[in-house]
Amino acid sequence: MSLSEQDVLAALQKVRYPGFTRDIVSFGIVKSLEVRAGAVRVRLDLGAGNPAVAPTLEKDARAALEALPGVRSVEVEVASGARERAGASAPEELLPGVRHTVAVASGKGGVGKSTVAVNLAVALARRGARVGLLDADIYGPSIPLMMGVQEQPQLDPEGRRIVPFERYGVRFMSLGFLVDRETAVIWRGPMVMKAIEQLLRDVDWGPLDVLVLDMPPGTGDAQLTVSQKLQLSGAVVVTTPQDVALQDAVKGVNMFRKVGVPVLGIVENMSYFQCPQCGARTEVFGYGGGRQEAERLRVPFLGEIALDPAIRRSGDAGRPVAAAEPGTAPE
């Protein structure tokens, strides 16, 4: 039985992108392949993704192909679109005026990732930075509520790009502005990836010192899309003190490391509750786990955020606590 291209593709479907669960075929990284008399040639293209994963992809693809019956030789080429375009970087093409991009992520939902992202963006703006905020959580966009805007965005005078909203010195955009807020987004991975790319490319962000990306929880399609399309300046991982959240936070840190994104640090949210009447402190979800994991993983521990009613109240009212009551929560 002769070796076919379908045999090669089937083998490559077992190769996972480093740090993620999906295979390189379904993600479109396999750009070409050739099979002749047992000699296999494959070209993988990372697009604008971080080239740090190239050696791992080459090794894993080669091992999968060499294990096929009938293979005499294997040649694997891993290309990076960012390098091939005469040294042009992904941010210069996709986000021409943005100096830095920072992802705020979490291993699981419900840990306050969006709260951290919104208040981080507002706090940076209060310090004089030109800041943008992108809600990349396609399935559960929170930015419209937390920034107090429920309108539909407008197009620029040429009708080509979306004009982001601006409040508290932050320019921001979310898919939540483009769909009915009670409509569930039921999309497969490729549609999610396309939507995120369009929010990056088709929004007139203008010149920014930093774009903060509020990522969806987990380590899936959205994370891979952002890692491929942007060379992220860094990532902040949000957790709570409880073990189930910490376990997923560790996965988040390791995922960013595998795709070559610097981890700026860990934030422990809902760290404790302090009674406003008596001052007694209660560690509702445990305490100190975020700091311990940061030390174990050798990443910075960026701080603790209390379980403070002011944070919830201001978020629900569309006025982030960093703007409404600066200094209420620890910085």
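Above this text you will find the structure in question.
Note that residues are indexed from 1 along each chain, following the sequence as it is written. Whole-chain, interface and lining totals are the exception, using all residues; otherwise, since this is a predicted model, local features are given only for residues with pLDDT of at least 70 and side-chain atom pairs are given and counted only at 80 or more. Side-chain numbers come from the whole structure's heavy atoms, not from hydrogens or water.

## As for the overall build of the protein
Helix and strand content of the protein: 12 helices and 15 strands. The buried label goes to any residue with under 20% of its type's maximum accessible area, the exposed label to any with over 50%, and the partly exposed label to all in between, with areas taken from a 1.4 Å probe on protein chains only. In the protein, buried positions account for 50% of the 331 residues. The contact criterion used throughout is that any non-hydrogen atoms of two residues lie within 4.5 Å. Considering only residue pairs separated by 6 or more positions, the protein has 72% of its internal contacts joining residues 24 or more positions apart. The method behind every accessible area is Shrake-Rupley, applied with a 1.4 Å probe, and residues are considered shielded solely by the protein chains displayed. Accessible area for the protein stands at about 15800 Å²; split by element, carbon and sulfur atoms hold 49% of it. Numbering of helices and strands starts at the N terminus; helices are DSSP runs of H or I of at least 4 residues and strands are runs of E of at least 2.

## Regarding the environment of Pro262
Checked against the element boundaries, Pro262 lands in the loop between helix H9 (243-258) and strand S12 (263-268). Distance in space between the C-alpha atoms of Pro262 and Leu232 is 7.9 Å, their sequence separation being 30 residues. Once residues lying within four places of it in the same chain are set aside, the contact partners of Pro262 are Leu232, Ser233, Gly234 and Ala235.

## Overview of helix H1 (residues 5-12)
What H1 keeps buried is the set Val8, Ala11 and Leu12. Angularly, the buried residues of H1 cover 95 degrees about the axis, an arc narrow enough to put them on a single face. Taken together, the buried residues of H1 touch strand S1 (30-36), strand S2 (39-45) and helix H2 (54-66). Here, the arc refers to the directions that run from the helix axis to the C-beta atoms.

## Notes on unusual backbone geometry
In this structure, Tyr168 is a non-glycine residue whose phi angle is positive, near 55 degrees. Within the chain, Met270 stands out as a residue other than glycine whose phi angle is a positive 55 degrees.

## With respect to the sheet that holds S2
Strand order in the open sheet made by the three strands is S1-S2-S3, with mixed pairing throughout. Each edge of the open sheet is held by one strand with a lone partner, namely S1 and strand S3 (73-79). The sheet shows a mean angle of 10 degrees between the axes of neighbouring strands, direction not considered. Pairing between strands requires that DSSP locate at least two bridges from one strand to the other. Two strands pair when backbone bridges link them, and S1 and S2 are joined in this way by six bridges, in the antiparallel orientation. Bridging from a neighbouring strand, Glu34 pairs with Arg41 of S2. Set on the sheet, H1 makes contact with S1 and S2; between it and S1 the angle comes to about 135 degrees. Fitted lines through C-alpha atoms give the axes, limited to the stretch in contact for helices. The angle between two N-to-C directions lies from 0 to 180 degrees.

## Details of the packing of aromatic side chains
Any Phe, Tyr or Trp ring, taking Trp's six-membered ring, that has another such ring centre within 6.5 Å forms a pair; planes under 30 degrees apart are called stacked, those over 60 apart edge-to-face, and the others tilted. Scanning the model with the defined rule gives three aromatic pairs in all. Summarising the aromatic geometry, the rings of Phe165 and Phe177 are spaced 4.6 Å apart at their centres and angled 55 degrees between planes, so their arrangement reads as tilted. Residue Phe165 is found in strand S8 (residues 165-167), and its partner Phe177 is found in the loop between strand S9 (170-174) and helix H7 (189-201); the two are separated by 12 residues along the sequence. For the pair formed by Phe165 and Phe177, the shared burial category is buried. Over the ring of Tyr272 we find Arg281, and its NZ or CZ is 3.7 Å from the ring centre. A positively charged side chain is recorded as over a ring if its NZ (Lys) or CZ (Arg) lies within 6 Å of the ring centre. The angle to the ring normal must also be within 35 degrees.

## Some remarks on the environment of Val131
Take Val131: it is sitting in strand S5 (residues 131-135). Judged by relative accessible area, Val131 falls into the buried class, the value being 1%. For the pair Val131 and Arg171, spaced 40 residues apart in sequence, the C-alpha to C-alpha distance is 6.4 Å. Setting aside its immediate chain neighbours within four residues, Val131 contacts Ala121, Leu124, Ala125, Gly169, Val170, Arg171, Leu208, Val210 and Val212.

## Some details on the sheet that holds strand S15 (residues 301-304)
Read from one edge to the other, the open sheet built from eight strands follows the order S8-S9-S5-S10-S4-S11-S12-S15, with strand pairing classed as mixed. This sheet does not close on itself; its edge strands, each paired only once, are S8 and S15. The average angle at which neighbouring strand axes cross in this sheet is 25 degrees, direction not considered. Bridging between strand S11 (residues 234-239) and S12 involves five bridges; their strand directions are parallel.

## Quick notes on the nonpolar core
Among the buried residues, those of types Ala, Val, Leu, Ile, Met, Phe, Trp, Tyr and Cys that are joined through side-chain atoms within 4.5 Å form a nonpolar core. Counting residues in each nonpolar core, the largest one holds 95 residues, and the members touching the most others are Leu44, Leu65 and Phe256. Setting aside chain neighbours within four positions, we find Phe256 in contact with Ala103, Ala105, Leu232, Ala235, Val237, Val261 and Val263.

## Observations concerning the pairing of S5
In terms of residue burial, S5 counts as a mostly covered element, since five of its five residues are buried. Pairing geometry for S5 and S9, over five bridges, is parallel. Paired with Val131 across the two strands is Val170, which belongs to S9. Here five bridges tie S5 to strand S10 (residues 208-214), and the two strands are oriented parallel to one another. Pairing of Asp135 across the sheet is with Asp214, part of S10.

## Notes on helix H10 (residues 289-297)
Restricting attention to buried positions, one finds in H10 the residues Gly289, Gly290, Glu293, Ala294 and Leu297. Buried residues of H10, viewed axially, fall in a sector of 135 degrees; they line one side. Along H10, the residues that are exposed and aim more than 90 degrees away from the buried face are Gln292, Glu295 and Arg296. Structurally, H10 contributes buried residues whose contacts are with S11, H9, S12 and S15. With its phi angle positive at about 60 degrees, Arg298 sits one or two positions after the end of H10.

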